[in-house]
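Here are the chains, one letter per residue:
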Amino acid sequence: MANKFQERTNALIGIIPEQYDGALVISEINGKYFTGFNCDNGYFIVTRKGCVYVTDSRYTEAAGKAIDWCEVVEYGSDMKQVFGGITEKLGLKNLLVESDRMTLSQYTMMADVLAPAFLSEEGDLDKLIESLRVHKDSDEIACMKAAQNIAEQTLKHVFGMIKEGVTEAELAFEFEFYARRLGAERLAFDSIVASGENGSMPHAVPGSRRIRKGDLITFDVGCVVGGYHSDMTRTVAYGEVSDEQRKIYDIVLRAQQTAMDYLFAGGDDLAACDAAARDLITAEGYGEYFGHSTGHGVGLEIHEFPSVSFRGGKIPVNSVITVEPGIYIPGQYGVRIENMLYKTADGAVDLAELDRKLLILG
């Protein structure tokens, strides 16, 4: 009985255009998706006549155990001989490559060792793989939910550490330390902790700025479990905030809820989802302060297909996307709220549980 990685590989073989013998997958992230094995020096040759995983002596034994359904071949200084033998054995004439992920030097090297097979970047292998990866199975969702739960528990813990004088960097460090203690493999990305005027920069880097009364503090955080990412943003207040800050927070919250409601009701158009949030913010007079897209896909990578933006397209069933509108007032403060949602056939499921109402601490 085929395991899920064989099934994924077979699914890829099934959508490769007939004029190609197969595909060469060398990116670590796609290699993990199709084999379940993490390796920064793996070459997965996928063809209708069979599959071969090639790596060096550092990984051969581990790869053999992890990919027991596929031939694993080791190469040393004989790289051209090993790949040439595979080309001959499988009768390879042309292979698709990941043009979006392969460097020019990698392409040149692999074209040489796989000769006379031709490596083609014209078959949109990246898009073919993307079309498979976007649909998350129950195991993938379970990992993302677990990562989300750790992030939420950790953020609650960090909220308890907020006091006057603590720095953004200290709060970011505590998030990583506590998340790892709770079982996160690693952070999904470098945590964003942006207080006061730094909050006006959507991707501010936590620094030496110290928290003070009246600050809005934006936390954009995520964890990784089983290779899968979570992504969440909450903006909280330390001490009483102004009426204008409360107003902007309310606008962002309503904008996010409007976009989420569109998904809950079964909406499946990316541009319409983006517009649901953006139009509300614009109607309130803050459209110029919301410059990024409303969301993005999440999975093995923190930013995946699709993009929730004006470019449009359908939201694939079983995909996971974020909904994260924001308003950023230059030099003053910013507000962003973000949840991950799982798109179902007739609606959506919110993977986040942490309250979104304005939390006032201190």
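All values derive from a computational prediction rather than experimental measurement. (Residues numbered from 1 in each chain as written. Predicted model: local features only at pLDDT ≥ 70, side-chain atom pairs only at ≥ 80, totals over all residues. Heavy atoms only, no water.)

### Considering unusual backbone geometry
Here is the rule: Helix and strand assignments come from DSSP, with helices taken as H or I runs of at least 4 residues and strands as E runs of at least 2, each series counted from the N terminus.
Here the amide bond leading from Ala 115 into Pro 116 is cis, since omega sits at 15°, within 30 degrees of zero. Within the element layout of this structure, Pro 116 appears in the loop between α5 (104–113) and β6 (118–120). Residues Phe 305 and Pro 306 are joined by a peptide bond in cis, for which omega reads 5°. As for its position among the elements, Pro 306 is in strand β14 (residues 304–308). In this model, Asp 124 sits at a positive phi of 55°, which is unusual for a non-glycine residue. Tracing the chain through its elements places Asp 124 in the loop between β6 and α6 (125–133). Located in the positive-phi region is Asn 318, a residue other than glycine, with phi close to 70°. Looking at the secondary structure, you find Asn 318 in the loop between β14 and β15 (320–323).

### A few points about the pairing of strand β9 (residues 215–221)
Defined as follows: Throughout, exposure labels follow a simple rule: accessible area from a 1.4 Å probe, protein chains only, divided by the maximum for the residue type, with under 20% read as buried, over 50% as exposed, and the rest as partly exposed. Strands qualify as paired when DSSP identifies two bridges or more between them.
The element β9 is largely enclosed, with a buried count of seven among its seven residues. Both faces of β9 are covered, namely the face carrying Asp 215, Ile 217, Phe 219 and Val 221 and the face carrying Leu 216, Thr 218 and Asp 220. Sheet analysis places strand β8 (residues 192–195) next to β9, joined by four bridges and oriented antiparallel. Considered in β9, the bridge of Ile 192 is made with Asp 220. Across seven bridges, β9 lies against strand β12 (residues 232–238) in antiparallel orientation. Within β12, the position partnered with Asp 220 by the bridge is Thr 233.

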